[in-house]
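# A closer look at the structure
Here's the letter readout for the chains.
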Amino acid sequence: MRVKSGESNRMTQVWHKITDCVNNADILSAAADRLRSGGLVVFPTETVYGLGANGLDAKAVRKVFDLKGRPAHNPLILHVADSDQARRLTTTWPREAEILAAAFWPGPLTLVLPKADCVPDEVTAGGPTVAIRVPVHPVALELLRLAHVPVAAPSANRSGEISPTKVEHVLRSFGHRIHEIDLILDAGPTQVGLESTVVSLDGPPTLLRPGMISVPQIEEKLGLRLKILDLHETLAASLPSPGLLKRHYAPHTPLELRQPGAMRDGTQRPPQGERWAWVTLDPTDPPFPMEVRLMPSDPKAYAARLYDVLHELDALGLDRIIVDLPPAGPAWQAIHNRLTRAAAQD
Ligand code: TXA
Ligand code: MG
C-alpha cells in the first residue's frame, strides 16, 4: 500500500511506500486527522475509490462537490464503521434496516433512511433522507474507526466519468486539481469494481441502484419483493436518486452496446480510418485488427475488471468502443446498468 500526500500550496506530490497500510497506524491516523480537520482524503473501498470528507463538516463537504464538479442536487453517501454509528444518523431504524445491515454490512450495500438533524443539508442535497454504508475494505474500515466521524464519500472521479478502481484513475480524472486532495491512500485495485447497491428504506424497500449485492439476495433476506425503479421511469422529471441520471459512468470515447456476434458476422465494421475497440466474452480472434479486451465469463470477475478496461481504452483515444452485451440474469444486472449508462447519448 502506498500513500500519496499533497500539500495544497504545491503541485508536487510525494509518494511514500509502505508495506501494509492496515498495520500502519501512523498513516491511517494521519488520514483520520486530515478528515476531522476538514481535509479531503481519497481512500479505497471494496467497490471503488472514494473521495472522503468529514460528513458532519458542511464546508468540507462543499469542497467535495466543487472538486468533483458534482451538481448540488446529487446527495452523498455517509460511510461509517458499524451499524451503531449508522443508526445515529437516522431518525428511524426499521426492521428491514436491521436485517440488511446484519446480512450485508460491512459490504457493498447502501441504505437510504430518514436523516437525523446532525446530518448537514450539504450531504443530503437538502433532502429528508440520508444514504449510509459500512464498507468492508480493511483500509476503509480502519480509517472510519479512527476518524470517529461519518465520512461523506462519492466515487473519487470528476462527475459523470467512470468511477476509479485504481489510484491511477483518480489521478487522471482530477488532473491539475489533484493537489486539492490532501492525501491519497493507494491499496491497489478494488475487488468488487462497481459501486454499491443502493436500497431505500424510506417507504417500501426500493432498489435505487443495482450493485453486486443482487436483488434476489436482498429479497431473500427481507422475505419480500423489492420495488425496482425502472431506469427510464427515473429519467422522468422527479428523480428519487439523482445519481440515476442516465448518462453517468461514461468514458469520453463513444461506447456502443451490441448483441454478441454482431462483430463476428461483419454487421459491425469500422469505417476507413477509424480505430475501434471490442470488449467481449468471445475468445476467438477479431474479424479485423482492433484493440480487443477479453472479459471474464464470471459476473464478479467481469465487474471487477470492467472500469479498468474502460479507463484503459478511453486513454487510447479511439473512435469507438464496442461492448458485447453480457449475459442476462440478476448477477449481471449491475453490469448491464452501468454499460447502458455508459452507452447513453445524453
Ligand atoms: O460504492 C459506492 O457506493 C461508492 C463508494 C465510494 O462507497 N460511492 C459512490 O458514491 O458510488 P456516489 O456519490 O458516486 O454515488 C452515490 C449514489 C448516487 O446515485 C446518489 O444519487 C445516491 O447514491 N444517493 C445518495 N444519497 C441519497 C439519498 N439520500 N437518497 C437517494 N439516493 C441517494
Ligand atoms: Mg459516482
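Now for a quick tour of the structure.

On to the pairing of strand β14 (residues 276-280). Burial analysis of β14 places five of its five residues in the buried class, which makes it a mostly covered element. Neither face of β14 is open: one carries Trp276, Trp278 and Thr280, the other Ala277 and Val279, and all of them are buried. As paired elements, β14 and strand β16 (residues 320-324) share four bridges and run parallel to each other. Counted as the bridge partner of Trp278 is Ile322 from β16.

Under the counting rule described, the total for this entry stands at 18 salt bridges. In this structure, Arg177 and Glu180 form a salt bridge, with 2.7 Å as the shortest nitrogen-oxygen distance. With a shortest N-O distance of 3.5 Å, Asp308 and Arg305 are connected by a salt bridge. Pair noted here: Asp308 and Arg305 are both in helix α9 (residues 299-314), with a separation of three residues, about one helical turn. Here the salt bridges share partners, and the residues they tie into one network are Asp66, Arg177 and Glu180.

What follows covers the packing of aromatic side chains. One pass over the structure, following the stated rule, counts two aromatic pairs. Residues Tyr302 and Trp332 carry aromatic rings whose centres are separated by 5.2 Å and whose planes lie at 75° to one another, so their mutual orientation is edge-to-face. Residue Tyr302 is located in helix α9, and its partner Trp332 is located in the loop between β16 and α10 (333-343); the two are separated by 30 residues in the primary sequence. The class for Tyr302 is buried, based on a relative accessible area of 1%.

Glancing now at α10. Most of α10 sits out of view: eight of its 11 residues are buried. Ala334, Ile335, Asn337, Arg338, Leu339, Arg341, Ala342 and Ala343 are the residues of α10 that are buried. Tucked inside the fold, the buried residues of α10 contact β11 (206-209), β13 (255-258), α9 and β16.

Thresholds, definitions, all that
- Residues numbered from 1 in each chain as written.
- Chains lettered and ligands numbered in written order.
- Predicted model: local features only at pLDDT ≥ 70, side-chain atom pairs only at ≥ 80, totals over all residues.
- Heavy atoms only, no water.
- Buried < 20%, exposed > 50% of the residue type's maximum accessible area, 1.4 Å probe, protein only.
- Helix = DSSP H or I, 4+ residues; strand = E, 2+ residues; numbered from the N terminus.
- Pairing = 2+ DSSP bridges.
- Salt bridge = Lys/Arg side-chain N within 4 Å of Asp/Glu carboxyl O.
- Phe/Tyr/Trp six-rings, centres within 6.5 Å; stacked < 30°, edge-to-face > 60°.
- Contact = heavy atoms within 4.5 Å.

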